[in-house]
Every structure is written in C-alpha cells, then in structure tokens.
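Spelled out, the chains give:
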Amino acid sequence: MTNWGKKHFKQEDREEVIEYARRLIQAKSYNPPGDETRAAKISAEILERAGFQVSVDEFEKNRVNVCGIYGNPEDIALILNGHLDVVPAYGQWEKDPSSGERENGILYGRGSCDMLGGAAAILKAAEVIGRNHVEAKRGVMILLVADEEDQNRGIRHILGRQKLKADYAVIAEPTECEIQLGNRGFSSFYIRTTGIGCHASEPWNGVNAIYKMGEIIQRIKCYAESLQNVRNEFLGQATACIGTIHGGVRLNTVPDSCVIEVERRLLPGETREKIKRELEEAVGDLGIVEDRSFFPASLIERDSPLVARCVRIVEEIQGKTPAVSIFRACTEASMFSVECEIPTLLLGPGSLKQAHRVNEFCKEQDITDCAEVFTELLYEALTTEK
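These figures come from a predicted structure and were not determined experimentally. (Residues numbered from 1 in each chain as written. Predicted model: local features only at pLDDT ≥ 70, side-chain atom pairs only at ≥ 80, totals over all residues. Heavy atoms only, no water.)

## Things to note about the packing of helix α2 (residues 11-26) against helix α10 (residues 364-383)
Direction vectors running N to C along α2 and α10 enclose 110 degrees, while the axes themselves pass 9 Å from each other. As far as their axial angle goes, α10 and α2 are roughly perpendicular. For the pair α2 and α10, the contacting residues are Arg14, Val17, Ile18 and Ala21 in the first and Glu364, Gln365, Ile367, Thr368, Asp369, Ala371 and Glu372 in the second. For the contact of α2 with α10, the per-class residue count stands at five nonpolar, two polar and four charged. (Axes fitted to C-alpha atoms, helices over the stretch in contact; angles between N-to-C directions. Helix = DSSP H or I, 4+ residues; strand = E, 2+ residues; numbered from the N terminus. Parallel < 35°, antiparallel > 145°, perpendicular 65-115°, else oblique. Contact = heavy atoms within 4.5 Å. Nonpolar A, V, L, I, M, F, W, Y, C, P; charged D, E, K, R; others polar.)

And the structure:
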C-alpha cells in the first residue's frame with residue numbers, strides 16, 4: 001500500500017503541528033485543579049475546520065471531553081485517543097512551563113511529552129485528512145479526554161453512557177514513536193488499623209494502631225517479594241508497593257487509627273477480587289482492606305494486524321524498523337481493550353522518562369513523525385474495506 005500520508009503531509013504541516021502543541025501547552029490544563037476548557041476549545045476548532053462531526057462535552061464544571069468523527073459514525077475502523085489534562089508544573093523550571101518555548105529542535109513545557117505533543121499530532125493528522133477531502137468508506141474517531149492524570153472521569157463518563165465500538169484503538173502516550181503492545185494494570189487499596197487512644201504517659205491503657213500497622217507493613221513486604229515469579233511474557237513482573245502512611249494526631253497521644261495506601265501492578269487476567277483477597281490474607285485480622293482504584297492490564301497480540309500496520313508505517317516514515325515493546329506506566333488503554341474489547345496499542349511522541357518531570361520536553365521530530373504516522377493510519381482506516 002502506498003503511503004498516502006507521506007505524500008500529503010506538507011512541510012508547513014510540520015511547523016504547524018508544533019504550533020498546535022505550543023497552544024495546548026499554553027492552555028495550562030493542569031490537573032489538579034482540573035480545567036480542560038481552553039485545550040478543548042482549541043481542539044474542537046481544529047477538528048471542526050477539518051470537517052469532523054464534533055461534540056464537546058463538559059460533563060463537570062471545567063472538565064471537558066472532545067470527540068470528532070469523520071466518515072461513517074456507525075462503522076468506526078479506528079479510534080485515536082489522547083488526554084488534554086497535564087500534571088501540575090511543580091518544582092523549579094529553567095523555562096516557563098506554560099510557554100511552549102522552542103530551542104534547537106526541542107519543545108519545552110508541561111505536557112509537551114505527556115501528552116499534548118501526542119494530542120497535537122492527532123489533531124494535525126485529522127486536519128490533513130479533512131483538507132484533502134478523503135472519501136470515506138468507513139469512519140474514524142478522535143477522542144481527547146479529560147482527567148486522565150487523576151481519577152479518569154473523562155473516559156469513565158463516556159463509557160458510562162455508551163460502549164465504544166471500533167476495530168482498533170491507538171493511544172498517543174509517549175513511546176518515542178515506537179510501538180508498545182500494552183501496559184500492566186494498576187490497582188490500589190487502603191489498609192486501615194484501629195486502636196484505642198489514651199495518654200501516651202500510660203500507653204498500657206490503649207492500643208497503638210501504628211504498632212499494628214508496623215506488623216502489617218512487614219507482611220505486605222513479604223507479599224511483594226512473593227510476586228517475583230508472577231510474570232507475563234511481555235509485561236514482566238507483577239509488583240506491590242506501599243506508597244503512603246498516615247496515623248496519629250499528637251505526639252503525646254497513643255494513636256487510635258492508621259492507614260496506608262498500597263498499589264499493586266497487574267497482569268492480564270488479574271481481577272480486583274483476586275488482588276483484594278491476596279491482601280486480606282496477608283493482613284489477617286490486624287486491619288481492614290478497602291478498595292481505592294482499579295485498572296486492568298492491557299495487551300494486544302504481537303501478531304495483530306494493527307501492530308504490523310504501525311510497524312510498516314513508522315518504518316516508511318522514519319526509514320528504520322521501530323522497536324516493539326511495552327509501556328511501563330499505567331494508561332487508559334484497558335478502558336478500550338478490556339471494557340470495550342477493542343484491540344489497543346500505544347504509539348506517540350516523546351519519552352516516558354520526561355513525563356511528570358521538571359523541565360519536561362519533547363523532540364519536535366517525534367511530534368512531526370507521529371503526526372505523519374497518524375495521518376496514514378487515519379487514511380488507511382477510512383479507505384480500506386471492512
């Protein structure tokens with residue numbers, strides 16, 4: 001198949017996609033506090049100019065999803081997904097984190113890597129499709145969601161109203177333009193202990209909840225070590241980690257409560273019920289295990305046609321065969337692959353090593369290459385018979 005995108009992606013598109021990324025960075029969609037309104041407006045205007053059917057959904061105050069459809073809305077071949085929110089710009093930056101400053105082929109700013117560079121690449125690809133009035137045999141969907149960095153309320157709101165249907169989905173997380181088959185899932189739990197408070201001068205009159213938690217911590221440590229042999233061929237090892245601990249009210253008072261937060265990285269097939277049961281067995285009668293959050297693992301088959309297609313397109317554009325691996329962090333991929341049964345992979349500009357860091361940046365070449373890749377993906381999805 002000829003690379004239509006390579007022929008129709010112009011030099012001015014390479015410059016303009018960087019400007020789109022800069023505008024999204026300047027929208028300051030920090031989460032918290034959580035406000036995607038400006039980024040959503042920019043995205044919707046670009047999609048509307050490209051001739052997409054656009055819906056803008058403010059499902060909570062200042063929390064906004066954007067959906068654009070081109071072609072047949074009843075026969076979606078491909079979903080390109082990204083998120084519009086970014087983590088706050090904490091720490092001391094050498095450059096203004098909301099300026100989108102450019103220097104020597106590098107774009108700086110919060111979200112340049114995770115993942116406004118990817119969102120910009122999606123938007124530019126949509127624009128190239130619309131500008132050339134591609135005759136659609138099927139449909140494609142652009143889905144840019146809110147609140148990915150916190151409670152995932154954007155995608156959960158969408159799936160609470162409808163089950164998405166498509167042949168495939170691609171999420172533009174930062175993979176350095178490599179093809180990544182999926183990611184481990186993420187589950188988290190509260191573990192609480194209770195005691196009896198009293199004056200610390202006579203501790204025998206109370207029960208110290210922190211002491212009880214101390215024993216639980218050792219048990220969770222042993223549980224985490226036992227996961228070394230719980231592995232998946234592609235995704236690697238399951239893990240567990242205690243991330244926070246809170247207990248007590250005053251130094252001179254025996255604490256009557258303590259709570260820790262535990263995360264558990266998941267492999268395909270592991271369920272909330274299974275993990276909670278394992279933790280309850282480890283904790284025993286010393287404390288109570290409570291649900292906090294749960295995202296299943298996501299993994300596309302290595303021999304999936306989508307993987308082969310993405311490898312071919314990236315190779316044509318970059319002149320080298322891209323690596324095929326897995327994404328280390330948790331993403332919303334399982335919302336598509338598990339909840340909607342849509343084979344899903346990750347492909348986008350930037351490196352995960354830059355995500356959430358001070359002085360975040362993304363190579364401009366990554367953004368332009370991915371925009372060209374997405375253009376070809378959209379074209380093939382629209383013009384290939386089912």
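## Topic: helix α4 (residues 116-131)
If you check α4, its first and last C-alpha atoms are 22 Å apart, about what 16 residues at 1.5 Å a residue would give, namely 22 Å. Burial of α4 is extensive: 15 of the 16 residues sit out of reach of the surface. Directly after α4, the chain includes His133, whose backbone phi takes a positive value near 50 degrees. (Expected span 1.5 Å × (residues − 1). Buried < 20%, exposed > 50% of the residue type's maximum accessible area, 1.4 Å probe, protein only.)

## Quick notes on the packing of aromatic side chains
Going through the model one piece at a time under the given rule, you end up with three aromatic pairs. Centroid distance Trp4 to Tyr379: 4.4 Å. Interplanar angle 0 degrees. Geometry classified as stacked. Taken together, the positions of Trp4 in helix α1 (residues 4-8) and Tyr379 in helix α10 put the pair 375 residues apart, joining distant regions of the chain. Ring centres 6.0 Å apart and planes at 55 degrees place the aromatic pair Tyr108 and Phe361 in the tilted group. Taken together, the residues span a long stretch of sequence, with Tyr108 in strand β5 (residues 106-108) and Phe361 in strand β20 (residues 361-363) at a distance of 253 residues. Take Phe361: its relative accessible area is 27%, and that puts it in the partly exposed class. (Phe/Tyr/Trp six-rings, centres within 6.5 Å; stacked < 30°, edge-to-face > 60°.)

## So, the UniProt feature "domain: Peptidase M20 dimerisation" (unreviewed entry) in the protein
Here the UniProt feature "domain: Peptidase M20 dimerisation" (unreviewed entry) sits at residues 182-285. The annotated region residues 182-285 carries 28% helix and 38% strand content, and the separation between its end C-alpha atoms amounts to 37 Å. (UniProt positions renumbered as here; feature names shortened; annotations may be inferred.)

## Here's the deal with the sheet that holds strand β4 (residues 102-103)
Taking strand neighbours across the sheet as the criterion, the three strands line up as β4-β5-β20 in an open arrangement whose pairing is antiparallel. If you trace the sheet from one side to the other, it starts and ends with β4 and β20, each paired once. As defined by bridge partners, β5 adjoins β20 across three bridges and the pair is classed as antiparallel. Residue pairing for β20: Leu107 is matched across the bridge by Cys362. Sheet strands touched by α2: β4 and β5. Its angle to β5, the strand with the most contacts, is close to 15 degrees. (Pairing = 2+ DSSP bridges.)

## Digging into the layout of surface pockets
Roughly 810 Å³ of internal volume is contained in the largest pocket. Lining the largest pocket are 31 residues, and of these Glu148, Glu149, Asp150, Asn152 and Phe186 sit closest to its centre. Taken together, the elements giving at least two residues each to the lining of the largest pocket come down to β9 (185-194), β13 (239-247), β15 (257-266) and β16 (288-295). Grouping the constituent residues of the lining of the largest pocket by class yields eleven nonpolar, nine polar and eleven charged. Computed from the structure, the second largest pocket encloses a volume of approximately 400 Å³. What lines the second largest pocket is a set of 20 residues, and nearest its centre among them are Ile69, Pro73, Met141, Gln162 and Leu164. Elements with a minimum of two residues in the lining of the second largest pocket: β1 (53-60), β2 (63-71), β6 (139-145) and α5 (153-161). Of the residues forming the lining of the second largest pocket, the biggest block, four residues, is contributed by β2. Class assignment for the residues of the lining of the second largest pocket results in ten nonpolar, three polar and seven charged. (1 Å grid on protein atoms, 1.4 Å probe; cavity = no way out; pocket = protein on both sides within 12 Å on 5 of 7 lines; lining within 4 Å. Points joined across faces, edges and corners; volume = space filled by probe spheres on them.)

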